[in-house]
Amino acid sequence: QLLTILLDGDPTDDSVDVAVGYMCIVGRQLTEVSPAGVHAVMERFRGLLHEGIIGRRGQYRIETLLKIKRGGFVDYPTLPDEEHLDLVEREDQITFELGLDDEGLS
């Protein structure tokens, strides 16, 4: 849904950049979970290239994403290796629950 919102209508170069970055990170996992969804998003990216409504930077980012997808997102693993994770033990965790509409947030 996030990708659809970013690419819907007349996307800006910034929204395309965010969508491409997000797709690089979650692409492999999404391909496993929802191949039809990935196909639809990639078709939207291709459509943006053909329409020519985004700047050169956005076009370059989309072309790079298409190459990454053709390679199967090999440089973007679904989960990082455990040695790269800095895990916090459950008893050492501090959590805060905030709502976006809380009174104290401004």
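Above this text you will find the structure in question.
First things first, this report covers the structure right here in the doc. The structure presented is a predicted model; accordingly, all values stated were derived computationally and were not measured.

The next subject is the packing of helix α3 (residues 35–51) against helix α4 (residues 56–70). At a closest axis distance of 10 Å, the pairing of α3 and α4 adopts a crossing angle of 145°. Handedness of the crossing formed by α3 with α4: left-handed. Residues Val 38, Met 42, Phe 45, Arg 46, Leu 48 and Leu 49 of α3 form the contact with α4, whose own contacting residues are Gln 59, Ile 62, Glu 63, Leu 65, Leu 66 and Lys 69.

With that settled, the discussion passes to the nonpolar core. Met 23, Phe 45, Ile 62 and Leu 65 are the most contacted members of the largest nonpolar core, which has 19 residues in total. Of all the elements in the fold, those that place two or more residues in this core are α1 (2–7), α2 (13–33), α3 and α4. Apart from the residues within four sequence positions on either side, Met 23 is in contact with Leu 3, Leu 30, Val 38, Val 41, Met 42, Phe 45, Leu 65 and Phe 73.

Right, let's talk about unusual backbone geometry for a bit. We note that Phe 73 has phi near 55°; this positive angle belongs to a residue other than glycine. The residue Phe 73 is located in the segment after α4 in this model. Taking the relative accessible area as the measure of exposure, Phe 73 reaches 2% and is therefore buried.

Another point: the side chain of Asp 17. Of note, Asp 17 is situated in helix α2. Residue class for Asp 17 comes out buried when judged on its relative accessible area of 19%. There is a polar contact of 2.9 Å between the side chain of Asp 17 and the side chain of Arg 57. Every residue in contact with Asp 17, bar those within four places of it in the chain, is listed here: Arg 57 and Arg 61.

This brings us to the pattern of salt bridges. Taken as a whole and judged by the stated rule, the model has 4 salt bridges. Here Glu 43 ties to Arg 46 by a salt bridge, and the two come within 2.9 Å at their closest N and O atoms. Pair noted here: Glu 43 and Arg 46 are both in helix α3, with a separation of 3 residues, about one helical turn. For Glu 43, a relative accessible area of 38% puts it in the partly exposed group. Arg 46 gets classed as partly exposed once you look at its relative accessible area, which sits at 29%. Taken together, the shared-partner salt bridges connect Asp 17, Arg 57 and Arg 61 into one network.

The rules behind these values
- Residues numbered from 1 in each chain as written.
- Predicted model: local features only at pLDDT ≥ 70, side-chain atom pairs only at ≥ 80, totals over all residues.
- Heavy atoms only, no water.
- Axes fitted to C-alpha atoms, helices over the stretch in contact; angles between N-to-C directions.
- Helix = DSSP H or I, 4+ residues; strand = E, 2+ residues; numbered from the N terminus.
- Left-handed = near helix turned anticlockwise from the far one by under 90°.
- Contact = heavy atoms within 4.5 Å.
- Core = buried A, V, L, I, M, F, W, Y, C linked by side-chain atoms within 4.5 Å.
- Buried < 20%, exposed > 50% of the residue type's maximum accessible area, 1.4 Å probe, protein only.
- Polar contact = N/O pair within 3.5 Å; in protein donor to acceptor, adjacent residues only side chain to side chain.
- Salt bridge = Lys/Arg side-chain N within 4 Å of Asp/Glu carboxyl O.

Shape is all these values report; function is a separate question.
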